[in-house]
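Per-entry structural report
Spelled out from the first residue to the last, the chains are:
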Number of protein chains: 4
Amino acid sequence: MKKLWGGIFQKDPDVLTQEFTASLGFDRRLAPYDIAGSIAHVKTLYKAGILKRDERNRLVSALERLTVSLRRGTFQFHPECEDVHTAVEYALGKKVGTLAQKLHTGRSRNDQVVLDMRLYSKDAACALIGGVCGLQRSLIAVAQRYNDVIIPGYTHLRKAQPVLFAHYCLAYCEMLERDKARLNDALKRIDVLPMGSAALAGTSFALDSAYTARLLGFARVSANSIDAVSDRDFIIELLSALSITAMHLSRLSEDLILYSSEEFSLVSIDERFCTGSSIMPHKINPDTLELVRGSAPEVFGSLITVLALMKGLPLSYNRDLQNDKKALFYSCECVQTSLALCAKIVATLTVNKKRAGEMLADERLLATDIAEYLTKKGCPFREAHRVVGALFRELRTKRRTSLGSLSLKELRKFSRYFERDVFTLLDVKRSVSCKETASSTNPVRVKRALTRWKKALS
Amino acid sequence: MKKLWGGIFQKDPDVLTQEFTASLGFDRRLAPYDIAGSIAHVKTLYKAGILKRDERNRLVSALERLTVSLRRGTFQFHPECEDVHTAVEYALGKKVGTLAQKLHTGRSRNDQVVLDMRLYSKDAACALIGGVCGLQRSLIAVAQRYNDVIIPGYTHLRKAQPVLFAHYCLAYCEMLERDKARLNDALKRIDVLPMGSAALAGTSFALDSAYTARLLGFARVSANSIDAVSDRDFIIELLSALSITAMHLSRLSEDLILYSSEEFSLVSIDERFCTGSSIMPHKINPDTLELVRGSAPEVFGSLITVLALMKGLPLSYNRDLQNDKKALFYSCECVQTSLALCAKIVATLTVNKKRAGEMLADERLLATDIAEYLTKKGCPFREAHRVVGALFRELRTKRRTSLGSLSLKELRKFSRYFERDVFTLLDVKRSVSCKETASSTNPVRVKRALTRWKKALS
Amino acid sequence: MKKLWGGIFQKDPDVLTQEFTASLGFDRRLAPYDIAGSIAHVKTLYKAGILKRDERNRLVSALERLTVSLRRGTFQFHPECEDVHTAVEYALGKKVGTLAQKLHTGRSRNDQVVLDMRLYSKDAACALIGGVCGLQRSLIAVAQRYNDVIIPGYTHLRKAQPVLFAHYCLAYCEMLERDKARLNDALKRIDVLPMGSAALAGTSFALDSAYTARLLGFARVSANSIDAVSDRDFIIELLSALSITAMHLSRLSEDLILYSSEEFSLVSIDERFCTGSSIMPHKINPDTLELVRGSAPEVFGSLITVLALMKGLPLSYNRDLQNDKKALFYSCECVQTSLALCAKIVATLTVNKKRAGEMLADERLLATDIAEYLTKKGCPFREAHRVVGALFRELRTKRRTSLGSLSLKELRKFSRYFERDVFTLLDVKRSVSCKETASSTNPVRVKRALTRWKKALS
Amino acid sequence: MKKLWGGIFQKDPDVLTQEFTASLGFDRRLAPYDIAGSIAHVKTLYKAGILKRDERNRLVSALERLTVSLRRGTFQFHPECEDVHTAVEYALGKKVGTLAQKLHTGRSRNDQVVLDMRLYSKDAACALIGGVCGLQRSLIAVAQRYNDVIIPGYTHLRKAQPVLFAHYCLAYCEMLERDKARLNDALKRIDVLPMGSAALAGTSFALDSAYTARLLGFARVSANSIDAVSDRDFIIELLSALSITAMHLSRLSEDLILYSSEEFSLVSIDERFCTGSSIMPHKINPDTLELVRGSAPEVFGSLITVLALMKGLPLSYNRDLQNDKKALFYSCECVQTSLALCAKIVATLTVNKKRAGEMLADERLLATDIAEYLTKKGCPFREAHRVVGALFRELRTKRRTSLGSLSLKELRKFSRYFERDVFTLLDVKRSVSCKETASSTNPVRVKRALTRWKKALS
């Protein structure tokens, strides 16, 4: 095994131990960050007078060539290396010989791995913000395309009140906007350079961490070396933000699976995002959305993994911390793909206007409007609620479907506040238009919101 | 059962259903917020011309009296009310009669309960920030009291390098500072008024939500009514922040339990925070810290509860959401108490200087300094690491305890870079002082940090 | 504070510490078990010659009176007692004076609390098994009531194949049967007496644990005292079993919420298990089922709490273990009530036969039967699948709804294996009857299964 | 993309959808089980008269050749296949041409994947039981090797009472024995054949599932086809059992990390299971144990993933279920390796007898024995507890270390029950030997237990 330690050891490590402790299988994702960090470290060593100009140049040049081979897919991860740091130092040695032995001066894998994870997390968070914007754009586009369509709004999966389809879409835009805000807030705490902390106490080399931070584009430098190597808050915070995003996507998936079912038939999902059955020839199943919904629990699992991992660990670094990696990598990758797929599915969604119209024929959707009507006529709201409840109970009992089939006289048996104009309420367009509050589904408000969103996302 | 609905129902609810769906047992914590929200709602109804001045005055006055009775502990939660909203409306009815029937105009419990939860969360987050500051102050105080004490720093629970005890304390201050930042970021998304959203579509009453927000001190108004009643992100975000804080406290607890064990004997915990055994008369156990450590999993459990609760829920409101409450209340209360107890325990901590000195006698703590010394003499770091490893292996094999017992000649068998001045390294004070980086345990740096913290927290 | 220790302490405990470490608020549920355990302990002390006959009699009699007062609700839990054990010993002291000081001979709270938790868990597991049987009986009853009703079976929430409603109900009976088996398996590991283990090492009193086990009805005695006081496996195992049960109930709830939606209209839920809206007068919402669905995450949260609690705890007892209690109590209570409510809801369910018939009119439900028909005629299944897929694609493209509207000639363009008898397939009754496998929805098989279940549950 | 469906589709699947829904990357572990299941399926088809003898022979022979190529590592998983089932059917087609099109007769991937997962789970559970036995054997061996060593037993990480090191080891044997029992119980519910259930309704081919079960060695056949394809209880149950095992290993790891720390120095871990530091040349860290401890949270995360995945899923099969696979595979592999490593580490553990002796010099370890002594002399236990507490408080206050330094007269100031023979208590060997209860650390009992274990595990 290639390793960065061993002088004090009298025996070679057990083979199963080598396999079990090795992380190269998954931490190779960190290679570009490890190399970038090493380049900055070399420059910092030079600035501190620890490397000569020539040494710096040879090391930087060799590391840059490693970056190129990584991009080209020709980088050799030596399978005997226990981790990405060892693999990079080993590959560097192949290029520059014993000079590579100077690379690790003034740093430890304890601060180095945090650096790599922070660089990865910055990239991932930025890419995720981009993915969220992509889905928002799809939502705006479909909302725009069907901007005059009214659908039943649901509470408790029961028809509640008419709402604009666009208003429904914008609800998800709002959720996603918070997701971006959380990612941006997480970035503030990700964007901290841990170098200079070495193992846990700092180093006796006069490394200018502020300079390293500038080279790597970090906003700040860790203030405390013990904290710098022990801290995984930034990973938990990213996983928390991703858990909420994944939860949002699971709700969107659930809605679309329901709305596209034969029973609802309110929307259609493009069949490019569906798959079939190996036995039932007629099946066109919304598998992609089901897997998006089923990804949220994986992200929750990763979050709880890292929290339980950290629970009760003494300071400073413990090897348990290695198990933060798979949890983070898979969650970032999974949510990123889910966002991209949802964006595609939403962008190609078809809304069945005719079916929406049929669903809205149920006058109970207007019950609240009628209660508010009575209130405006002078009836206290709580009483109006009772009156309208009783009215619909009567219709239900007598299996009469329409309020319009009642005469004003019949209505006035329920409440003296009913007047002739009550029948104008039986119109779903009027229902959405009569809404007056800022966050409501009033078409004027929704149109304004759409314009605002388009501008913000362009 | 007292309830705010029922007109359409033909049967009374099943008794077990009433018990199971009732939330008054735990949501009574929301009563002060529910009343405050109702006062602002009444004023908004008046501004919109829905209530007359006299009606407003009677309602506000009665609600204010309810607040007073709540504070005095004389408020009667009618046990037949299913939730806090019903209990408040019922109590109001007892004071103002049928006028109370006008209170619920233009709002739904769907937006009302979110309002209450947001007001609660704002208060809780602010109190938690105060609690975090309190613990930071204790840490600074004890760091100051023992500002010249050096202790062994640990990685993998093995002695690593000497660090200042104050530097160790400041590591926790850094963690806690991030906790505050996260709570402050969460507050930005908590601080949003959901009123005007009513059930899910908004309302036909022209309620000025911006006015309501001003009355209640909210920074913003919800932009989308469907989102407003479906969203529990702010609760999950608060639980995420609390999970990290609870995790930090579990690590502090673990450290203090370890360091105060008979085997470490590095610190003593005031016995006022310990309890004894019912059978073993000699026991003085660190129960408080164990329970703080054991509280973190409870907060993690609450976080996963609310995430799994939301997974796959269709929009908008579903009754499942009720199960966010106990999770939030207990977690806030538990972390708040844990913070207060940790603050007290840290403030009364005793550090055993003599024992610290004994623990530092192990020269392996200086191995890294020696490797860095060799590097400064010209030996590439990777080789220096091997040399020092081999040196300590030799000492270990020959059961020689001190490097100081070797002659320079013997040392030079390991590396030609050793010179006479190597023996000056065998001093832990020198070890911390020689650290050069910004985040290091160098006493000058630590002193500066202490001063900065004291100022920031005063 | 009343406490069972203190001799070695020089100071009184901090007030907040007392509050934080106290468990009487929730562990009072253990009082009947604590007293029963104490009675058995007294008898065991007598058998070992540690108590005199008269002492035994006075103690047993007083403890029995405590049990009576507990049942009557007149037992006084002294609020200053830190836990249920202290409260019982204190109450005993009020009855028998200093003799109560002999009660704790040869035991520790470490083994005593495990005893109490095991007795509680036994009772809870048995009650839960009863609750599961109750729900099974309801399922059988409703299956019997609608034993000839065919409904669409779903995969991916898309209509798949016709199945008997009774077959669907029996699927849940199978799940619940496994739940019972798991609870019974858990009982084997719950049913172990920990007494005799004392603090962790056993005791020098010659207590006959086998005798204590007989008195309390335990099947076995702990084999190792260190394990006996450290082990909480039985609680985790019970929470695992409950998590699966709660998950099953969440699926049943989801199904019933969906099937009773206006869009499916396949079943109706009795309105006694629904509640209404405070603003929308027409709403009849399936709140009970939503809360059952939303209870599963609470049980999952409790499970993860206890697992994370135990992670990395050194042997033997640590105070962290106290946090197993709320997790267990709430989960048992919550699942028990959920089972009872589901039993009531299922028992009163109405199936809408007419609507079922309409839903089955979709001939795609028979696509698989047609493919199997072709296979029986000699067409390899994979080809038959393609043929039938293409056939339904054609119908879909041409917006023709019925296969019956095609001539045999037209059909044979798709496959030469089609013959005249293909049209007999277009009958859902035939579809269920033609199923041949043991686990299938064939009415003969289902009827047999129903008979078997009725017998097993009677 | 190679797929088992598509006839009804008009468009090809989206590329990202193909990648996202593909499972071949991880479900290839199922290939041997998929082939074994297919062989049994072919034989069952033949028995039902659906395949001719010649067809059966050709298919079985080709499938057996695939098994061989799999074992040899030459099996070609065609990268365009979406899952293992498709890959196997595709590979079969390469060998037998169109005959392969008959393989999928009377089955669906819905029952097939459950079959594969059940076969995998059976193998995994059996292997895990073997792994648990291996660790138990190591524990017995080390207990035997140090069978006369007494160590301090801990509660709250404070010295409690002397216990035999062997007794401590046997505590873990007990825990592991329960782990085996749980795995065996889980096996009962794993050991069920789902075939014959097809998509969800059964099939019209007269497949004899009991025959298939015999061929594959299953104890039972699924009773209900809808349940058969929807059920993932067996996976959750296995993950629950593994979570508890992983938790046990995390406690063992914690103990060994603590006991091998410089401060405890009670045991030494063979350095083959340790790794070093990249910067600190002296470090020999217990990384393997730290990673074992850090594996438990990963298993917990997998458990919560599958529970949250299933929450609220309607019957029957949904694609979300695919996400059970990685959770199960990684957890089985991880715990299996952890068990093997712990077995090696325990087998090579060294106990430092001299250090154990020093640690036992603390007379407080005997406080409980003294209280029990007083009780035997007639002092009620609660009073004896107070007396001994006060006695040790006095010693502590006066900084006197040994009870032996007090005269009997001095002792009798604390209690008149003290007699000359009290001084014989000051002996740890006597302390363990005086224990009388069945589960106690009494050397006679422990020896007997050791013998019993050795026999059971041989």
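Residues numbered from 1 in each chain as written. Chains lettered and ligands numbered in written order. Predicted model: local features only at pLDDT ≥ 70, side-chain atom pairs only at ≥ 80, totals over all residues. Heavy atoms only, no water.

Examining the domain arrangement of chain A
All names here are of chain A. Threshold: Each domain's extent was defined by an automatic or database domain assignment. We call two residues contacting when some pair of their heavy atoms lies within 4.5 Å. Salt bridges are counted wherever a side-chain nitrogen of Lys or Arg sits within 4 Å of a carboxyl oxygen of Asp or Glu. Here a polar contact is taken to be a pair of N or O atoms separated by no more than 3.5 Å, where protein atoms must pair a possible hydrogen donor with a possible acceptor and residues adjacent in sequence count only if both atoms sit in side chains. Only runs of H or I of at least four residues qualify as helices and only runs of E of at least two qualify as strands under DSSP, and these elements are numbered from the N terminus.
According to the domain assignment, chain A consists of domain 1 (6-105), domain 2 (110-357) and domain 3 (362-457). Centre-to-centre separation of domain 1 and domain 2, based on C-alpha positions: 31 Å. On the side of domain 2, 24 residues touch domain 1, which itself brings 25 residues to the contact. For the interface between domain 1 and domain 2, the tally reads two salt bridges. One salt bridge in this structure joins E333 and R29, with 2.6 Å as the shortest N-O distance. Inspection of the domain 1/domain 2 interface yields eight residue pairs in polar contact (both at pLDDT 80 or more). Counting only elements with at least two residues in the side of domain 1 that touches domain 2, the list comes to α2 (24-27), α3 (31-47) and α5 (84-96). Tallying contributions element by element places α3 first for the side of domain 1 that touches domain 2, with eleven residues.

Thoughts on the interface of chain A and chain B
As a reminder, the rule being used: In this description, buried area is defined as the sum, over both parts, of the accessible area (probe of 1.4 Å) that is lost when the two are combined. When residues are sorted by character, Ala, Val, Leu, Ile, Met, Phe, Trp, Tyr, Cys and Pro go into the nonpolar class, Asp, Glu, Lys and Arg into the charged class, and all the rest, Gly among them, into the polar class.
At the junction of the two partners, chain A supplies 108 residues and chain B supplies 109 residues. Roughly 9,500 Å² is buried in total at the junction of chain A and chain B, and carbon and sulfur atoms are behind 57% of that figure. Taken as a group, R251(A), L315(A) and R382(A) account for 8% of the area that chain A buries against chain B, more than any other trio of residues on that side. Summed over the shared surface of chain A and chain B, the result is 16 salt bridges. Among the ionic pairs, D233(A) bridges to R178(B), the shortest N-O distance being 3.0 Å. Listing elements by their share of the side of chain A that touches chain B, those giving two or more residues are β1 (150-155), β2 (158-164), α7 (165-190), α9 (225-230), α10 (233-259), α12 (296-310), α15 (367-376) and α16 (381-397) of chain A. Among the residues making up the side of chain A that touches chain B, the classes are represented as 45 nonpolar, 36 polar and 27 charged.

Some points on the packing of aromatic side chains
Here is the rule we go by: Two rings from Phe, Tyr or Trp (for Trp, the six-membered ring) form a pair when their centres are within 6.5 Å of each other. A pair whose planes differ by under 30 degrees is stacked, one over 60 is edge-to-face, and the rest are tilted. Only protein chains enter the accessibility calculation, which uses a 1.4 Å probe; a residue whose area is less than 20% of its type maximum is buried, one above 50% is exposed, and one in between is partly exposed. Lysine NZ or arginine CZ positioned within 6 Å of the ring centre and within 35 degrees of the ring normal marks a charge as sitting over the ring.
Under the definition given, this model contains 50 aromatic pairs over all chains. A ring pair is formed by W5(B) and F9(B), whose centres lie 5.0 Å apart and whose planes are at 55°; its orientation type is tilted. Grouping residues by exposure puts W5(B) and F9(B) together as buried. Its end group placed over the ring of Y211(C), K47(C) keeps NZ or CZ at 5.2 Å from the ring centre.

Some words on helix α19 (residues 443-457) of chain B
Residues and elements named next belong to chain B. Using the following cut-off: Here the expected span of a helix is defined as 1.5 Å times the quantity of residues minus one. This arc is built from the directions going out from the helix axis to the C-beta atoms.
An ideal rise of 1.5 Å per residue puts 21 Å on 15 residues; α19 measures up with 21 Å between its terminal C-alpha atoms. Burial in α19 covers these residues: V446, A449, L450, W453 and L457. Down the axis of α19, the buried side of the element spans an arc of 105°, and every buried residue falls inside it. Away from its buried face, by an angle of more than 90 degrees, α19 presents the exposed residues V444, K447 and K455. By the N-cap criterion, in which a side-chain oxygen at the helix start approaches the backbone nitrogen of a residue two or three places on, α19 is capped by N442, the distance to V444 being 2.8 Å.

Digging into the relation of the copies chain A and chain B
The criterion, for reference: Copies are brought into register by a least-squares superposition over C-alpha atoms of residues with pLDDT of at least 70 in both.
Of the transformation superimposing chain A on chain B, the axial component is 0.0 Å and the angular component is 180°, with the fit at an RMSD of 0.1 Å. Both chain copies can therefore be described as sitting about a two-fold axis. Here 100% of the interface residues in chain A have copies in chain B that are interface residues too; the copies meet face to matching face.

Considerations on helix α8 (residues 209-216) of chain B
Residues and elements named next belong to chain B. Of all the positions in α8, only S209, Y211, T212, A213 and L216 are classed as buried. Lining the buried residues of α8 we find α3 (31-47), α6 (109-145), β3 (192-193) and β4 (220-221). Of the residues that open α8, the one with a side-chain oxygen 3.2 Å from the backbone nitrogen of A210 is D208. Once α8 ends, the next one or two residues include G217, with phi positive near 80°.

Remarks on the interface of chain C and chain A
Facing the 48 residues of chain C at the interface are 48 residues of chain A. Counting each side, the surface lost to burial between chain C and chain A is near 4,000 Å², with a carbon and sulfur contribution of 55%. Per-residue buried area on chain C facing chain A is highest for R158(C), E263(C) and P281(C); these three make up 18% of the total on that side. Salt-bridge contacts for R396(C) lead to E271(A); the nearest nitrogen and oxygen are separated by 3.2 Å. In this structure, the connection of chain C to chain A is made through 30 residue pairs in polar contact (both at pLDDT 80 or more). Mapped by element, the contributors of at least two residues to the side of chain C that touches chain A are β1 (150-155), β2 (158-164), α10 (233-259), α11 (287-293), α12 (296-310), α14 (353-360), α15 (367-376) and α16 (381-397) of chain C. Top contributing element to the side of chain C that touches chain A by residue count: α16(C), with six residues. Partitioned by chemical class, the residues of the side of chain C that touches chain A number 21 nonpolar, twelve polar and 15 charged.

Quick look at the pairing of strand β1 (residues 150-155) of chain B
Residues and elements named next belong to chain B. For clarity, the cut-off: Strands were regarded as paired on the criterion that DSSP finds at least two bridges between them.
Here β1 lies mainly inside the structure; six of its six residues are buried. Of the strand pairs in this sheet, β1 and strand β2 (residues 158-164) are connected by six bridges, and their pairing is antiparallel. Opposite T155, over in β2, you have R158 as the bridge partner. The loop that links β1 with its antiparallel partner β2 comprises two residues; one of these, H156, has a positive phi angle of about 55°.

Quick word on the relation of the copies chain C and chain A
Least-squares fitting of chain C to chain A yields an RMSD of 0.1 Å, with the transformation described by 0.0 Å of translation along the axis and a rotation of 180°. Comparing interface residues between copies, 100% of those in chain C also sit at the interface in chain A, which points to an isologous, same-surface contact.

Describing the environment of V351(C)
Residue and element names in this part refer to chain C. Inspection of the secondary structure puts V351 in strand β6 (residues 350-351). We classify V351 as buried; its relative accessible area is 5%. In this structure, the C-alpha to C-alpha distance between V351 and S260, residues 91 residues apart in sequence, is 9.3 Å.

A word on the packing of helix α6 (residues 109-145) of chain A against α10(A)
Residues and elements named next belong to chain A. Note the following rule: Inter-axis angles, ranging from 0 to 180 degrees, are taken between N-to-C directions of lines fitted to C-alpha atoms, where helices are fitted over the stretch in contact. Here the word oblique covers every angle except those under 35 degrees (roughly parallel), over 145 (roughly antiparallel) and from 65 to 115 (roughly perpendicular). A clockwise turn of the near helix away from the far one marks a right-handed crossing, whereas an anticlockwise turn of less than a right angle marks a left-handed crossing.
It is at 11 Å that the axes of α6 and α10 come closest, and there the two elements cross at 25°. With respect to α10, the element α6 is oriented roughly parallel. At the point where α6 passes α10, the crossing takes the left-handed sense. For the pair α6 and α10, the contacting residues are V114, M117, R118, S121, A125, L128 and L135 in the first and F234, I235, L238, L242, L249 and L252 in the second. When the residues that make up the contact of α6 with α10 are grouped by side-chain class, the tally is eleven nonpolar, one polar and one charged.

Some points on the side chain of D83(A)
Residues and elements named next belong to chain A. With respect to the helices, strands and loops of the structure, D83 is situated in the loop between α4 (53-72) and α5. Given the relative accessible area of 7%, D83 is considered buried. Of note is the side chain of D83, whose polar atom sits 2.6 Å from the side chain of T86. Setting aside anything within four residues of it in sequence, one finds D83 in contact with S23, L24, D27 and R109.

Structural notes on the pattern of salt bridges
As enumerated under the stated definition, the model contains 146 salt bridges over all chains in all. For K188(D), the salt bridge goes to D185(C), with nearest N and O atoms at 2.9 Å. Within this pair, whereas K188(D) is found in helix α7 (residues 165-190), its partner D185(C) is found in helix α7 (residues 165-190), the two belonging to separate chains. Looking at D185(C), the relative accessible area reads 6%, which means it is buried. When the shortest N-O distance is used, the salt bridge between R232(C) and D324(C) registers 2.9 Å. Of this pair, R232(C) sits in the loop between α9 (225-230) and α10 while D324(C) sits in the loop between α12 and α13 (325-347); the two residues are 92 residues apart in sequence, bridging distant segments of the chain. Since its relative accessible area comes to 3%, R232(C) is described here as buried. Since its relative accessible area comes to 1%, D324(C) is described here as buried.

Focus on the state of the cysteines
Residues and elements named next belong to chain D. For the record, the criterion: Any two cysteine sulfur atoms lying within 2.5 Å of each other are counted as a disulfide.
Applying the stated rule across the entire model yields zero disulfides over all chains. A disulfide-free cysteine, C133 has its sulfur positioned 10 Å from the sulfur of C173, the nearest such atom. In this model C169 remains outside any disulfide bridge; the closest cysteine sulfur is found in C173, 7.5 Å from its own. Residue classification places C169 among the buried positions, given a relative accessible area of 2%.

Regarding the packing of α3(B) against helix α5 (residues 84-96) of chain B
In a packed pair of helices, the relevant descriptors are the angle between the two axes and the axis-to-axis distance. All names here are of chain B. Close contact between α3 and α5 brings their axes to 10 Å; oriented N to C, the two are set at 60°. In terms of orientation, α3 lies oblique with respect to α5. Like other packed secondary-structure pairs, α3 and α5 cross with a definite hand, here right-handed. Side by side, α3 and α5 meet where A31, D34 and I35 of the first sit next to V84, H85 and V88 of the second.

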